[in-house]
Number of protein chains: 6
Amino acid sequence: MAEVDRYQRGLDIIKKYSLEGNDEISSVQQLREAYRSLAPDLEDLIVSFGFGDIYSREGLTDKERTIATLSGLTTLGTEPQLELHINNGLNIGLTPKQVVGAIVHMLPYAGFPRVLNALGVVKQVFAQRNVTIND
Amino acid sequence: MAEVDRYQRGLDIIKKYSLEGNDEISSVQQLREAYRSLAPDLEDLIVSFGFGDIYSREGLTDKERTIATLSGLTTLGTEPQLELHINNGLNIGLTPKQVVGAIVHMLPYAGFPRVLNALGVVKQVFAQRNVTIND
Amino acid sequence: MAEVDRYQRGLDIIKKYSLEGNDEISSVQQLREAYRSLAPDLEDLIVSFGFGDIYSREGLTDKERTIATLSGLTTLGTEPQLELHINNGLNIGLTPKQVVGAIVHMLPYAGFPRVLNALGVVKQVFAQRNVTIND
Amino acid sequence: MAEVDRYQRGLDIIKKYSLEGNDEISSVQQLREAYRSLAPDLEDLIVSFGFGDIYSREGLTDKERTIATLSGLTTLGTEPQLELHINNGLNIGLTPKQVVGAIVHMLPYAGFPRVLNALGVVKQVFAQRNVTIND
Amino acid sequence: MAEVDRYQRGLDIIKKYSLEGNDEISSVQQLREAYRSLAPDLEDLIVSFGFGDIYSREGLTDKERTIATLSGLTTLGTEPQLELHINNGLNIGLTPKQVVGAIVHMLPYAGFPRVLNALGVVKQVFAQRNVTIND
Amino acid sequence: MAEVDRYQRGLDIIKKYSLEGNDEISSVQQLREAYRSLAPDLEDLIVSFGFGDIYSREGLTDKERTIATLSGLTTLGTEPQLELHINNGLNIGLTPKQVVGAIVHMLPYAGFPRVLNALGVVKQVFAQRNVTIND
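Residues numbered from 1 in each chain as written. Chains lettered and ligands numbered in written order. Predicted model: local features only at pLDDT ≥ 70, side-chain atom pairs only at ≥ 80, totals over all residues. Heavy atoms only, no water.

(A) Local environment of the interface of chain A and chain C. Taken residue by residue, the interface counts 14 residues in chain A and 15 residues in chain C. Each partner contributes to the roughly 1,300 Å² buried at the junction of chain A and chain C, and carbon and sulfur atoms together form 74% of this total. Three residues stand out in chain A for area buried against chain C, namely F112, L116 and K123 of chain A, and they jointly supply 39% of the buried area on that side. Joining chain A to chain C, the criterion identifies zero salt bridges. (Contact = heavy atoms within 4.5 Å. Buried area = accessible area lost by both parts, 1.4 Å probe. Salt bridge = Lys/Arg side-chain N within 4 Å of Asp/Glu carboxyl O.)

(B) How the structure looks around the UniProt feature "domain: Carboxymuconolactone decarboxylase-like" (unreviewed entry) in chain A. As annotated in UniProt, the feature "domain: Carboxymuconolactone decarboxylase-like" (unreviewed entry) corresponds to residues 40-123 of chain A in the numbering used here. The span residues 40-123 of chain A is 80% helical and 0% strand by assignment, and the distance between its end C-alpha atoms comes to 33 Å. (UniProt positions renumbered as here; feature names shortened; annotations may be inferred. Helix = DSSP H or I, 4+ residues; strand = E, 2+ residues; numbered from the N terminus.)

(C) Layout of the relation of the copies chain C and chain D. Once chain C has been moved 0.0 Å along the axis and rotated by 180 degrees, it coincides with chain D to within an RMSD of 0.0 Å. The superposition operator between the copies reduces to a two-fold rotation axis. Of the interface residues in chain C, 100% have counterparts in chain D that sit at the interface too, so the contact is made through matching surfaces. (Least-squares fit on C-alpha atoms with pLDDT ≥ 70 in both.)

(D) Examining the packing of aromatic side chains more closely. Applying the stated criterion across every chain yields a total of 27 aromatic pairs over all chains. A centroid spacing of 5.4 Å and a plane angle of 85 degrees characterise the contact between Y17 of chain D and Y55 of chain D, whose relative ring orientation is edge-to-face. Separated by 38 residues along the polypeptide, Y17 of chain D in the loop between α1 (3-16) and α2 (27-34) and Y55 of chain D in the loop between α3 (42-54) and α4 (62-76) bring together distant segments of the chain. Pair check on accessibility: Y17 of chain D and Y55 of chain D agree, each one buried. Here F51 of chain E and Y55 of chain E contribute two aromatic rings whose centre-to-centre distance is 4.7 Å and whose plane-to-plane angle is 25 degrees, an arrangement assigned as stacked. The pair formed by F51 of chain E and Y55 of chain E is uniform in burial state, with each residue classed as buried. Three or more aromatic residues joined by ring pairs form one cluster here, namely F49 of chain A, F112 of chain B, F49 of chain E together with F112 of chain F. (Phe/Tyr/Trp six-rings, centres within 6.5 Å; stacked < 30°, edge-to-face > 60°. Buried < 20%, exposed > 50% of the residue type's maximum accessible area, 1.4 Å probe, protein only.)

(E) Molecular detail of α3 of chain D. All names here are of chain D. Compared with the 18 Å implied by 1.5 Å per residue over 13 residues, the 16 Å span of α3 between its first and last C-alpha is markedly short. Counting buried positions along α3 yields 12 of 13 residues, so the element is predominantly enclosed. Within the sequence span of α3, burial applies to L42, E43, L45, I46, V47, S48, F49, G50, F51, G52, D53 and I54. (Expected span 1.5 Å × (residues − 1).)

(F) Broad picture of the pattern of salt bridges. Tallied over the full model, the rule gives 42 salt bridges over all chains. As a salt-bridge pair, R57 of chain E and D41 of chain A come within 2.6 Å of each other at their nearest N and O atoms. With R57 of chain E in the loop between α3 (42-54) and α4 (62-76) and D41 of chain A in helix α3 (residues 41-54), this residue pair bridges two chains. The partner of D53 of chain E in a salt bridge is R9 of chain E, with the nearest N and O atoms 3.6 Å apart. Pair noted here: D53 of chain E is in helix α3 and R9 of chain E is in helix α1 (residues 3-16), with a separation of 44 residues, a long-range link. Residues joined by salt bridges that share partners form a network here, namely R6, R9 and D53 of chain A.

(G) Main features of the relation of the copies chain A and chain C. It takes a turn of 120 degrees to lay chain A on chain C, together with a shift of 0.0 Å along the axis; the resulting RMSD is 0.0 Å. Overall, the copies show the geometry of a three-fold rotation axis. It is G77 of chain A whose C-alpha, among those of chain A, lies nearest the rotation axis, at 5.4 Å.

(H) A look at the environment of P113 of chain D. Its place among the elements puts P113 of chain D in helix α8 (residues 112-129). Taking relative accessible area as the criterion, P113 of chain D reaches 1% and is therefore assigned buried. Contacts of P113 of chain D, omitting those with residues within four sequence positions, involve P108 and Y109 of chain A together with L73, L76, T78 and Q81 of chain B.

(I) Structural view of helix α6 (residues 96-104) of chain E. By the criterion of burial, α6 of chain E is predominantly enclosed, with eight of the nine residues buried. Burial in α6 of chain E covers these residues: P96, Q98, V99, V100, G101, A102, I103 and V104 of chain E.

(J) Just the interface of chain C and chain D, in detail. Listed as interface residues are 30 residues of chain C and, on the opposing side, 30 residues of chain D. Taking both sides of the interface into account, the surface hidden between chain C and chain D amounts to around 2,700 Å²; carbon and sulfur atoms contribute 73%. At the boundary of chain C with chain D, the tally comes to two salt bridges. Note that K97 of chain C and E58 of chain D form a salt bridge whose closest N and O atoms lie 3.8 Å from each other. At the boundary of chain C and chain D, one finds eight residue pairs in polar contact (both at pLDDT 80 or more). When residues of the side of chain C that touches chain D are assigned to their parent elements, the largest contribution, 10 residues, is made by helix α4 (residues 62-76) of chain C. (Polar contact = N/O pair within 3.5 Å; in protein donor to acceptor, adjacent residues only side chain to side chain.)

This is the structure:
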């Protein structure tokens, strides 16, 4: 498959995970542009590999993929990426209970500190989006 | 709720994740017994907290829960627990493609080494169970 | 044992680790309330499991328990929890030298970056409490 | 202080943590010699820095130091070093309950997988030394 | 650029890091084949992304790239990948002192346990290849 | 070798990694002084062990040493130390492309989140120093 296809497929997937009708560039695009001046190839690596290759694999649904992402990022403890993918999860139709569930489920595996810090990020995103756990 | 309820609920969940009609004690029970001589309360902590409290939370389905577990354990890199939960996932009805999918999806987050080592465990479990990716 | 006992035992332990005569709700309570809107069961999991089950185990004294906590959290690198448990340690009677000692002792195991960042948290807590290393 | 003093102080501390009347070279010495052919300075770095500098710091008792070590290594997940320091802890007079306590206390911080794997190492060491939890 | 170019470029880089005149398939090929039955796309992801995209970036020389790899893998603690890249480093012309240097340099950052365990892998590879630190 | 020699050698190495003609105390000195009130020996441990012992080892050049440091710290995810060593790298003559290269090379090993967060630190340092990727 030609490179342009991987990149285009990645962009399409990013669009799917972005807010519908959102005129502003998505959070993924913001991230991508943030690093353009340091490593111009990083945009392609994120879009073509991260989304074009990985998010297009068979096996998981879009929602399952984001659940997996949230659990992995909670275990890793990287909060800026958690913020992006909590938003992606809500955009793709995960309920607030599923978002919180994927993170709290890490309690026996990653421990309370990682889970509590990830929930701190959830709280900020829910407040920004005016979302509650019962939505 | 009385303690006995949390413990019993945990046991019921463990049974649900075990092979049906399996006369042998499940892998969770083996693990539990392994540590009885060191910390007699550990059995209760695993069954009542790990399964009774956490696996009974609302938000995720049983399959989503195991996908989250596999992604978290891949990121953590703890192989004995991966072996247990790959088995649990197959027992609960995850397809081999979902098991592999939850692990390979960690590539952009946890990197190739953690994913390749986790797939080494998958390979062993699939061989033991005579399962292939297309089953 | 009934659930209420685990929860009450946890609360008693949290009180023991809080400042005597402190009219304000303790830092643990603040943390607990912070997550109430996201996961109402989290309060019970922290109080009943984290404190009721784990902090009531035999084997270690209260001071040894906090030394272990500080060393584990330094290795994990989770700073909000370090802040809580540095305070808990001082409340329970650890000397400033013991608090710093438990963290600096991680140098050969967790490396300088984790230790230096944990000491940054110690410095803030000591300043807030008007404590010096020789107190 | 002259280098020879740091090295000698480190050796004295290693001896203190070794089995009394042990004619065989200690486990620390074995470890040290294992790496002599690769990095001749590593012996000095382990003895002079690891033990001479760090284990001689004020603040913690020998037993508290080993509790901190065991909690840190459990969180880190490095099993060969856990084996060494479980032995060191028993040599210095930690009870089996304290060794297990320092490791199980990490459950809420580092999660079940790290703790269970560390207890697997404890079990091997206790078997080798014919020690039970009630000794 | 077409996909076939990324894959071919990756293969060329893998060949460069393999032993000259080696009739056997390289260790990277072995790894690749090991996972073919689980995830047929993994071969492409490793060759095209891991080597074709990343190892062809500007900025670092081949030797610097392997030094960076060894330091990262030591910090991560993933031993099978360390074995592969210690071999790759020697194949590309790193001296044994550079290989050991990149690993021991992690002492202040990743701590002694990760470094000692990585040196255990170095020792095995040096023995297999009949290499000493002074070669 | 006498202690004073290790300390002096460490100071000389720190000076080498500092900006020439810099009247202000270097970032390493700032770090050192920051912790003086908590652990007066920490200054000696950083200067004598961290720099005097480790940065004076044979095997790697100064530039290779900083590449290794940047890759290790990216994997570890400790941003304050990344800031210091990105500066040290530029001071010692690493090009901006080498600094970015050592970090981006961690993509397949440590994953995108750690690399993106490390590049965020690079961006700040480059802005402070008025440096671009093509300098």
